[in-house]
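Geometric and topological summary
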Amino acid sequence: MCGIVGYVGSDEAGNFLLDGLRRLEYRGYDSAGVAIHCGAEFTITRSVGRIDSLAGALGDVMPSGSLGLGHTRWATHGPASMENAHPHLGGDGEVVLVHNGVIENFQVLKEGLIKKGYTFVSATDSEVIAHLVADELKHAPETNGQPNLRYLAAVRAAVAQLRGTYGLAIAFRDHPNFLIAARFGSPLVIGVGSGEYFVASDASPLVGRTERIVYLADHQLAVLTPDGFSVLHRDQGKVRVDIRPLETDSGEASLEGFDHYMLKEIYEQPESIRNAMRGRLDDENATAVFGGLNLTPQQLRSVERIILTGCGTSWHSALVGEYMIEDLARIPVSVEYASELRYRNPPIDNNTLIFGITQSGETADTLAALKETKRKGHRTLAICNVVGSSIAQAADGGVYLHAGPEIGVASTKAYTSQCCVLAMLSLYFGRLRHVSFESGQRIINELRQLPAAVQQALACDEQVRDVAKKYQDASTVLYLGRQYNFPTALEGALKLKEISYIHAEGYPAAEMKHGPIALVDEHTPSVFIIPRGTTYDKVMANMEEVKARGGPVIALASRDNPEVESIADDVIHVPEVPGFTQPIVNVVPLQLLSYHIALLRGCDVDKPRNLAKSVTVE
Ligand code: M6R
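Residues numbered from 1 in each chain as written. Predicted model: local features only at pLDDT ≥ 70, side-chain atom pairs only at ≥ 80, totals over all residues. Heavy atoms only, no water.

Quick notes on the overall build of the protein chain
Within the protein chain one finds 20 helices and 26 strands. Over its C-alpha trace the protein chain gives a radius of gyration of 26 Å, about what one expects of a compact globule, namely 25 Å for 618 residues. Along the longest, intermediate and shortest principal axes, the C-alpha atoms of the protein chain span 85 × 55 × 45 Å. In the protein chain, which comprises 618 residues, the proportion classed as buried is 62%. Considering only residue pairs separated by 6 or more positions, the protein chain has 71% of its internal contacts joining residues 24 or more positions apart. By element, 48% of the accessible surface of the protein chain is carried by carbon and sulfur atoms, the whole surface being about 23200 Å². (Helix = DSSP H or I, 4+ residues; strand = E, 2+ residues; numbered from the N terminus. Rg over C-alpha atoms; globule rule 2.2 N^0.38 Å. Buried < 20%, exposed > 50% of the residue type's maximum accessible area, 1.4 Å probe, protein only. Contact = heavy atoms within 4.5 Å. Areas by Shrake-Rupley, 256 points an atom, 1.4 Å probe, with all protein chains shown as cover.)

Okay, here's the thing in structure tokens:
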């Protein structure tokens, strides 16, 4: 979603701003803009579409100045247009700001400002904040020799009136030597350089510019000048903050010869899974170990119920986790959409542990669900990829995925790492209860086979490409699987929808007869995930039912399975692995299938329409 960059120092601001915005592209956006203070005022350049058009609009000679702001906008209030693109001006142009988040009471505030004579050029909620700050400046007391205090007072007074979420970077025409940043519910980081300071919505623009970072917390404001920075609470005084080392993998990702990030990330999975397990398998005790759960084994032993929550693909990994934890650790699990959990107010017993699962660590609904359950006194943990993200900070503890930056909007390697972490947690909880030493060892061995099995699954790429050619024009595709492979069916369908815009549905295979089978005809392919195991015969019967109605069948099955070969129109071979690791292996051909179909249909694989990488609004 929207991205923010800001610079104050002695260098040319434009270089950092444009490069920083490119690094934020992965978040998803539909317009962009920069404001650079060039002497007496700001030069503002905006464009609709990609950063390349912004670069084109800026031309060969970047406006010169050492203070500036930049923004990528993912439209919420008003369409993607030049008027709605940030930065926005307040008053007669004395305030310029960029904003991430959503202001819920913007309409009321706007009406009040219009009555006072302010005119609006955009449909955004963000422009309201710019005028509000300008209006507050009129009442802010003079502060002799320290103009930033007056401006700070105006920003404080303005943000106190906002209901909703904001990450703000604000600059002032008449005092081009400081920036003010403010955060509530929308992440912001400060990059600490020497004689220069940066603000950004995540760490990726800072890589290569500084090695020190500060994560702002909600209700905090920061004042940045070329000589230093200070952080304050919105309603109180100065706050001491930790300056942390910037993780080197925070955003430095290149294609390394792949055509798209999604493909690269699919191929990285053997390694990302290895990284998720590194140092976490304990042979001596036949269990898993986690450094950051912040709970004693006794506390974990007393857990009677687990809630797994997340959105989108992370919600699918929660479903995989439900099967794993109940199967291996025998703890009842419920899976909740974070967006529902945050408002549903379900009764939650004592001794319930809540896991928020998230790649970005910034998903607004997951963050809100965790905060709400934490407020009620429950233990909250995060399974998260992005170090230092809002959810990682808000939870009582958690497990990092160590999957490296995931740039493709469609989540791939983060998903398999989430499943892998959930498998290790199942082992851990199981070993605190009934799982024997011997079974623990077996599970560890099976986990260790995973990177090789995923590598083997990747070998189906050529085969999948042929299948993609055959079905690229389908308008609906069904994905069917049972037990551990039901979430895989959902995830396969989501991947196809997201990047190829083909309508796809995932179901437990047996559910098909209860409705979806009505969709089956010769133009509607069904993808069956059919490994050998308890429900194999039942899924075979479902496959026959689809064939009997003329529906094309694509089967994911092991190589030596003549029975499946004789029924399916196309078979994609996957290695045979134990039930609980199947979701991690079987999803790989489905990721590749969506990738190839999207490519053949000419879709923008890494930046699919309407989607954002971190969904930081409700
Ligand atoms: O960063 P998160 O894991 O919290 O994101 C949750 C969803 O927005 C995300 O998984 C989304 O569904 C992806 N586009 C899936 O590919």
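Observations concerning helix 15 (residues 450–458)
Regarding helix 15, the residues found buried are Leu450, Pro451, Ala453, Val454, Ala457 and Leu458. Taken around the axis of helix 15, the buried residues stretch over an arc of 160 degrees, which confines them to a single face. (Arc of directions from axis to C-beta.)

Some remarks on the sheet that holds strand 5 (residues 88–90)
Strand order across the open sheet formed by six strands is 5-6-7-8-12-13, with antiparallel pairing between neighbours. Looking along the sheet, the strands with just one partner apiece sit at the ends: strand 5 and strand 13 (228–233). Across this sheet, the average inter-strand angle for adjacent strands is 20 degrees, counted without regard to direction. Here six bridges tie strand 7 (residues 166–172) to strand 8 (residues 179–184), and the two strands are oriented antiparallel to one another. In the strand pairing of strand 8, Ala171 is matched with Leu179. (Pairing = 2+ DSSP bridges. Axes fitted to C-alpha atoms, helices over the stretch in contact; angles between N-to-C directions.)

Looking at the UniProt feature "domain: Glutamine amidotransferase type-2" (unreviewed entry) in the protein chain
When the UniProt feature table is mapped to this numbering, "domain: Glutamine amidotransferase type-2" (unreviewed entry) covers residues 2–227. Taken end to end, residues 2–227 is 25% helix and 30% strand, and its two terminal C-alpha atoms sit 28 Å from one another. (UniProt positions renumbered as here; feature names shortened; annotations may be inferred.)

Quick word on the site of the ligand
Around the ligand sit 14 residues, and of these Ser314, Gln359, Ser360, Thr363 and Glu498 come closest. A distance of 2.8 Å separates an oxygen atom of the ligand from a polar backbone atom of Ser411. Within the side chain of Lys495, a nitrogen or oxygen atom sits 3.1 Å from an oxygen atom of the ligand. Considering the ligand on its own, with 410 Å² of exposed area, one finds that the protein chains cover 91% of that surface. Those elements that provide at least two residues to the shell around the ligand are helix 9 (312–329) and helix 17 (486–500). If you tally residues by element for the shell around the ligand, the top one is helix 9, at three residues. Residue composition of the shell around the ligand, by class: four nonpolar, eight polar and two charged. (Near = heavy atom within 4 Å. Polar contact = N/O pair within 3.5 Å; in protein donor to acceptor, adjacent residues only side chain to side chain. Nonpolar A, V, L, I, M, F, W, Y, C, P; charged D, E, K, R; others polar.)

A short note on the packing of aromatic side chains
Enumeration over the complete set of coordinates arrives at 13 aromatic pairs. Seen from their ring centres, Trp315 and Tyr337 are 4.0 Å apart, and the 10 degrees between their planes marks the pair as stacked. Placement of the pair is Trp315 in helix 9 and Tyr337 in strand 18 (residues 333–337), with a sequence separation of 22 residues. With a relative accessible area of 12%, Trp315 lands in the buried category. Taking the relative accessible area as the measure of exposure, Tyr337 reaches 41% and is therefore partly exposed. Ring-pair connections join several aromatic residues into one group, and the members of that group are Tyr7, Phe16 and Phe198. (Phe/Tyr/Trp six-rings, centres within 6.5 Å; stacked < 30°, edge-to-face > 60°.)

Details of the pattern of salt bridges
Following the criterion strictly, the structure yields 34 salt bridges and no others. The salt bridge partner of Glu268 is Lys264, with a shortest N-O separation of 3.1 Å. Close ionic contact of Asp570 with Lys470 constitutes a salt bridge, the shortest N to O distance being 2.9 Å. Pair noted here: Asp570 is in strand 26 (residues 570–573) and Lys470 is in helix 16 (residues 461–471), with a separation of 100 residues, a long-range link. Among the residues examined, Asp570 registers a relative accessible area of 13% and is labelled buried. Salt bridges here are not isolated pairs; linked through shared partners, they connect Asp11, Glu196 and Arg209. (Salt bridge = Lys/Arg side-chain N within 4 Å of Asp/Glu carboxyl O.)

Thoughts on the sheet that holds strand 23 (residues 503–508)
The parallel open sheet is built from five strands, whose spatial order is 23-22-24-25-26. Either end of the sheet is taken by a strand with one partner, and the two such strands are strand 23 and strand 26. Averaged over all pairs of adjacent strands, the angle between strand axes in this sheet comes to 20 degrees, irrespective of strand direction. Across four bridges, the pairing between strand 24 (residues 526–529) and strand 25 (residues 553–557) is parallel. Its bridge partner lying in strand 25, Ile529 is registered against Leu556. Where helix 17 meets the sheet, its contacts fall on strand 22 (476–481), strand 23 and strand 24, and the angle it forms with strand 23 comes to roughly 175 degrees. On top of the sheet, helix 18 (residues 536–548) reaches strand 24 and strand 25; it is set at about 165 degrees to strand 24, its chief contact.

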